[in-house]
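Examining the three-dimensional arrangement
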There are 2 protein chains.
Amino acid sequence: MTWLSIAADSPFPLENLPYGIFTTPDRAEPRVGVAIGEYVLAAGALATDQGLRYARTLDASTLNPFMAAGPPVWHDFRQQLRRWLTDDVHRAVVEPHLLPLANALLLMPFEVADYVDFYSCEHHAARLGQLLRPGQEPLTPNWKHLPIGYHGRAGTVRVSDTPVVRPSGQSRPSAAEAPVFGPSGKLDFEAEVGFVVGVPSPLGKPVALEDFADHVFGVCLVNDWSARDLQAWEYAPLGPFLGKSFLTSVSPWVVPLAALEGARTPPPTRDVAPLPYLDDSSCPWGLDLTLEVRLNGQLVSRPPFRQMYWTAAQQLAHLTVNGAALRTGDLFASGTVSGPADDERGSLIELSWNGERPLALPDGSTRTFLQDGDTVTVTATAPGPGGVTLGLGEVIGTVHPPATQ
Amino acid sequence: MTWLSIAADSPFPLENLPYGIFTTPDRAEPRVGVAIGEYVLAAGALATDQGLRYARTLDASTLNPFMAAGPPVWHDFRQQLRRWLTDDVHRAVVEPHLLPLANALLLMPFEVADYVDFYSCEHHAARLGQLLRPGQEPLTPNWKHLPIGYHGRAGTVRVSDTPVVRPSGQSRPSAAEAPVFGPSGKLDFEAEVGFVVGVPSPLGKPVALEDFADHVFGVCLVNDWSARDLQAWEYAPLGPFLGKSFLTSVSPWVVPLAALEGARTPPPTRDVAPLPYLDDSSCPWGLDLTLEVRLNGQLVSRPPFRQMYWTAAQQLAHLTVNGAALRTGDLFASGTVSGPADDERGSLIELSWNGERPLALPDGSTRTFLQDGDTVTVTATAPGPGGVTLGLGEVIGTVHPPATQ
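Scoring rules and cut-offs
- Residues numbered from 1 in each chain as written.
- Chains lettered and ligands numbered in written order.
- Predicted model: local features only at pLDDT ≥ 70, side-chain atom pairs only at ≥ 80, totals over all residues.
- Heavy atoms only, no water.
- Helix = DSSP H or I, 4+ residues; strand = E, 2+ residues; numbered from the N terminus.
- Rg over C-alpha atoms; globule rule 2.2 N^0.38 Å.
- Buried < 20%, exposed > 50% of the residue type's maximum accessible area, 1.4 Å probe, protein only.
- Contact = heavy atoms within 4.5 Å.
- Areas by Shrake-Rupley, 256 points an atom, 1.4 Å probe, with all protein chains shown as cover.
- Lys, Arg positive; Asp, Glu negative; His and termini not counted.
- Charge placed at Lys NZ, Arg CZ, Asp CG, Glu CD.
- 1 Å grid on protein atoms, 1.4 Å probe; cavity = no way out; pocket = protein on both sides within 12 Å on 5 of 7 lines; lining within 4 Å.
- Points joined across faces, edges and corners; volume = space filled by probe spheres on them.
- Nonpolar A, V, L, I, M, F, W, Y, C, P; charged D, E, K, R; others polar.
- Disulfide = S-S within 2.5 Å.
- Salt bridge = Lys/Arg side-chain N within 4 Å of Asp/Glu carboxyl O.
- Least-squares fit on C-alpha atoms with pLDDT ≥ 70 in both.
- Pairing = 2+ DSSP bridges.
- Axes fitted to C-alpha atoms, helices over the stretch in contact; angles between N-to-C directions.
- Buried area = accessible area lost by both parts, 1.4 Å probe.
- Polar contact = N/O pair within 3.5 Å; in protein donor to acceptor, adjacent residues only side chain to side chain.
- Expected span 1.5 Å × (residues − 1).

**Some points on the overall build of chain A**
What chain A contains, in helices and strands, is 11 helices and 26 strands. Computed over C-alpha atoms, the radius of gyration of chain A comes to 21 Å, within 12% of the 22 Å expected from 2.2 N^0.38 for 405 residues, which places it in the range of a compact globule. In terms of overall dimensions, chain A has C-alpha extents of about 75 × 50 × 40 Å along its principal axes. Put simply, chain A has 405 residues, and 62% of those count as buried. A separation threshold of at least 6 residues defines the contact pool for chain A, and within that pool the share at least 24 residues apart is 72%. Of the roughly 14,200 Å² that chain A leaves accessible, carbon and sulfur atoms contribute 52%. Charged side chains of chain A number 28 positive and 43 negative; the gap between the two group centres comes to 2 Å.

**Some words on empty space enclosed by the protein**
One simple way to see leftover space: roll a probe sized like a water molecule over the atoms. This structure, assessed with the given rule, holds 9 cavities of 30 Å³ or more. By volume, the largest cavity is sized at about 160 Å³. Lining the largest cavity are 19 residues, with A:Y119, A:L128, A:Q231, A:P240 and B:L238 positioned closest to its centre. Contributions of two or more residues to the lining of the largest cavity are made by β6 (115–118), α6 (122–132) and α8 (228–234) of chain A. A class-by-class count of the residues in the lining of the largest cavity yields 9 nonpolar, 4 polar and 6 charged.

**Overview of the state of the cysteines**
Evaluated as defined, the whole model comprises 0 disulfides over all chains. Between B:C220, a free cysteine, and B:C121, which holds the nearest cysteine sulfur, the sulfur-to-sulfur gap is 18 Å.

**As for the pattern of salt bridges**
Inspection of every chain in the model, using the stated rule, returns 40 salt bridges over all chains. The residue B:D330 makes a salt bridge to A:R153 at a minimum N-O spacing of 2.9 Å. With B:D330 in the loop between α10 (312–320) and β22 (331–333) and A:R153 in the loop between β7 (149–152) and β8 (157–159), the pair connects residues from two separate chains. Each member of the pair, B:D330 as well as A:R153, is classed as buried. Overlapping salt bridges bring together A:D188, A:E190, A:D224, A:R228 and A:K244 as one network.

**A short note on the relation of the copies chain B and chain A**
With an RMSD of 0.0 Å, the operation that places chain B on chain A is a rotation of 180° combined with a shift of 0.0 Å along the axis. With respect to symmetry, the two chain copies, as superposed, fit the operation of a two-fold axis. Ranked by how close their C-alpha atoms come to the rotation axis, the residues of chain B are headed by B:G239, at 2.1 Å.

**Some remarks on the sheet that holds strand β4 (residues 98–100) of chain A**
Residues and elements named next belong to chain A. If you walk across this open sheet you meet the 5 strands as β4-β3-β2-β1-β5, and the pairing is antiparallel. If you trace the sheet from one side to the other, it starts and ends with β4 and β5 (105–107), each paired once. Direction aside, the axes of adjacent strands within the sheet are offset by 50° on average. The pairing of strand β1 (residues 19–24) with strand β2 (residues 27–36) spans 5 bridges and is classified as antiparallel. In the strand pairing of β2, I21 is matched with V32. The sheet contacts of helix α4 (residues 71–86) involve β1, β2 and β3 (39–42), and relative to β2 the element is tilted by about 80°.

**Here's the deal with the environment of B:T248**
All names here are of chain B. Locating T248 in the fold gives a position in strand β16 (residues 248–250). Relative accessible area serves as the criterion here: at 1%, T248 is assigned to the buried category. Considering only alpha carbons, one finds T248 and N223, 25 residues apart in sequence, at a separation of 5.9 Å. Residues contacting T248, with those up to four places away along its chain left out, are Y115, T156, V157, R158, V222, N223, D224 and W225.

**What to know about the sheet that holds strand β9 (residues 164–165) of chain B**
Pairing is mixed across the open sheet formed by 5 strands, whose spatial order is β9-β26-β25-β20-β21 (chain B). Each edge of the open sheet carries a strand with a single partner, namely β9 and β21 (298–301) of chain B.

**Some thoughts on the interface of chain B and chain A**
Contacts between chain B and chain A engage 59 residues on the former and 59 residues on the latter. Contact between chain B and chain A buries roughly 5,300 Å² in total, counting both sides, with carbon and sulfur atoms accounting for 63%. Counting across the interface, chain B meets chain A through 2 salt bridges. Taken together, the links from chain B to chain A amount to 24 residue pairs in polar contact (both at pLDDT 80 or more).

**Describing the pairing of strand β20 (residues 290–295) of chain B**
Residues and elements named next belong to chain B. Across the 6 residues of β20, 5 count as buried, placing the element largely inside the fold. Examined bridge by bridge, β20 and strand β25 (residues 375–383) share 6 bridges and lie antiparallel to one another. Among the inter-strand pairings, V293 is bridged to a residue of β25, identified as V378. Across 3 bridges, the pairing between β20 and β21 is antiparallel. Bridged to R294 within β21 is L299. Between β20 and the antiparallel strand that follows it, β21, lie 2 residues; N296 among them carries a positive phi value of about 50°.

**Remarks on α4(A)**
Under the 1.5 Å per step criterion, the end-to-end length of α4(A) is 22 Å for 16 residues, consistent within 8% with the ideal 22 Å. Considered for burial, the residues of α4(A) that qualify are A:P71, A:V73, A:W74, A:F77, A:R78, A:Q80, A:L81, A:W84 and A:L85.

**Concerning the environment of A:L299**
Residues and elements named next belong to chain A. Within the secondary structure layout, L299 lies in strand β21 (residues 298–301). Note on L299: relative accessible area 39%, which makes it partly exposed. Residues L299 and D343 lie 44 residues apart in sequence; the distance between their C-alpha atoms is 9.2 Å. Those residues in contact with L299 that lie beyond four places of it in its chain are E292, V293 and R294.

**Let's talk about the layout of surface pockets**
Approximately 1,400 Å³ is the volume attributed to the largest pocket. Along the wall of the largest pocket there are 47 residues; nearest its centre are A:P237, B:L132, B:R133, B:Y235 and B:A236. Broken down by secondary-structure element, the contributors of at least two residues to the lining of the largest pocket are α8 of chain A together with β6 (115–118), α6 (122–132) and α8 (228–234) of chain B. Of all the elements, α8(B) adds the most residues to the lining of the largest pocket, at 5 residues. For the lining of the largest pocket, the per-class residue count stands at 22 nonpolar, 13 polar and 12 charged. Size it by volume and the second largest pocket reaches roughly 680 Å³. Looking at the lining of the second largest pocket, the elements with two or more residues in it are β8 of chain A together with β8 (157–159) of chain B. Class assignment of the residues belonging to the lining of the second largest pocket gives a composition of 12 nonpolar, 7 polar and 6 charged.

**Some words on the side chain of A:Q80**
All names here are of chain A. Tracing the chain through its elements places Q80 in helix α4. Residue Q80 is classed as buried on the basis of its relative accessible area of 14%. A polar contact of 2.5 Å, which involves the side chain of Q80, links it to the side chain of R83.

Note that all results are geometric; they support no functional claim without further evidence.
Below, the structure is given as structure tokens:
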């Protein structure tokens, strides 16, 4: 279908075409790239060569200008890319702009405006309720009425492979003791899916659930690193703060929503009817993504995104229903993705039951929480058209010992 | 002292010199201004005329470049301003750049990076604990060990006089009932003081309490509008979200820290010894600001900022102790400022005891929460050198009926 040779198991077939920002050893200036097979296509230079009217938005050091250009431009460029890569007549023009992915350094793909983290997986929320509020109902009374979320720190969202320096802070060994200061002893990962806003919305104008795809550009993977001991002590009554704000990692490739049409799937049946602004019966945005979490290369979990209780379209409708404005670069993440099975849990606090039941790894070691030197890798796949499988790339992080202050 | 005629009761004497961004009817391009008496000084043009090496940072449409330039530049320019405005020899050069404040439209003074809201007033936190968690200890166990805070929505921080459109959202009339959707019936103000970061800090490097003034550029007033009914239903377990994210208003003038040296005062005695990174005994940053809150022009409260339990220097040390990076434009607010007395309460939920005891206004009307058409004005003063009083400007907002959707 394409004149380019692409391995059958490549995460980046012609049906994917995710966007990122890269540099090469011979050119330090960051530029927009599109991943295809084992190549990255220098999108700005090609668009400029071809005289596309929106070439300027691709001749940039972040995806923000292109994301802000909106769906007609996104769709036109996607069609152009497919045409260039399939019709052999364009080969001579395109080939000079194809650079080996192996030589590219992948940078933060977009400038984050606001970062919101949701909490939309029932399996995760119910387990955390059991662990953190034993003896109470696992889900708070609001959980099935609205997608619970909170604002995170946009300034510490970084691209995959940023070192995860073990954070220090206050924790309390037990309710009878005074708090102590020191490096977190309960460093955890959270495997999540992030949605990136392209088209802004003005203050005072809610974005209806049906208008989701008019605003959201694409999808990335998110690891919302968490220090459970810091979080447990600080979070009442205003929510997580330092337990989360030291780092949030995102994958370098943003997969456009258009690539995920084949992954759309009905969300789970809700036992409580959503209020009208959250009713998604005519606009279901469940996505059949399968995440995989590896610890030092060993598979520890396969969280199923299709089971998320609240969809990203519901999250966006909720986020804006009070009139909150959207900006290009707003990132909102799903919350930890977990399934009902033991090997579908998207965080160590679930996998080790808050440290009470150490997780046995294939190499014979065990983990309660992360150790210095541990590497966590989150990947995901989605069904594409015609039985092809799309990859969302990966978000990696290695734990470093605490900084000496 | 200055060749300029300045009224004795001007909020902007020579000792103040706050920074803002303005336009005039004959020039639509936003530019940096310094308030002095009844004038705004076009700082960029004057700095350029005078060939200052950092003139470029003042020739900008936000304060961010100047704020990023750091304390040596801030202090040098402040000295230049004082010299220009006191020595008559400069009058001919300076006067053309002095424009009537009355003709200036004041815009958002800086581009907000991350917005954090603290909860550092004991009188406020204890009252809210009594109201929202009756029968429990008013303060959560962590309150006197760390300055509780959470991230707010940076994208909806706007300058004073932005209309306050009454937000809609979910609330629950009682614990026995299902949630309903509609305009907030408990719209409130929160009188706060905001601190604006100029100099960034890298990921992984905590900012010590003593380094506060190396990073923080100045101070503004903040009204953190709150929909109490939305907040009460949504906030467990991850904190406030839509109840706050529809709008946060800031005053147009940022008063540099240097102007507030005379307002520094010892913070209240703490009954719990802070952990070492929060120990401010050698670096007290209490500030003797007196806020005033007016509802439709009628004084309803005079919250005393000097009584805040946690100082801004402690807040900054806490915010970064886990390695979180700072960016130019980060805004962190104090939390509602309230004193022990009835007429020192910085929010209507305190003034009307969550609506149970309507507040009587001088004009004979009463309020539980804000009505459409109400105008809230927050002002503040600080003692300056030699008995002069400095004004922090004002943050105003008028409540508009809910948008028809």
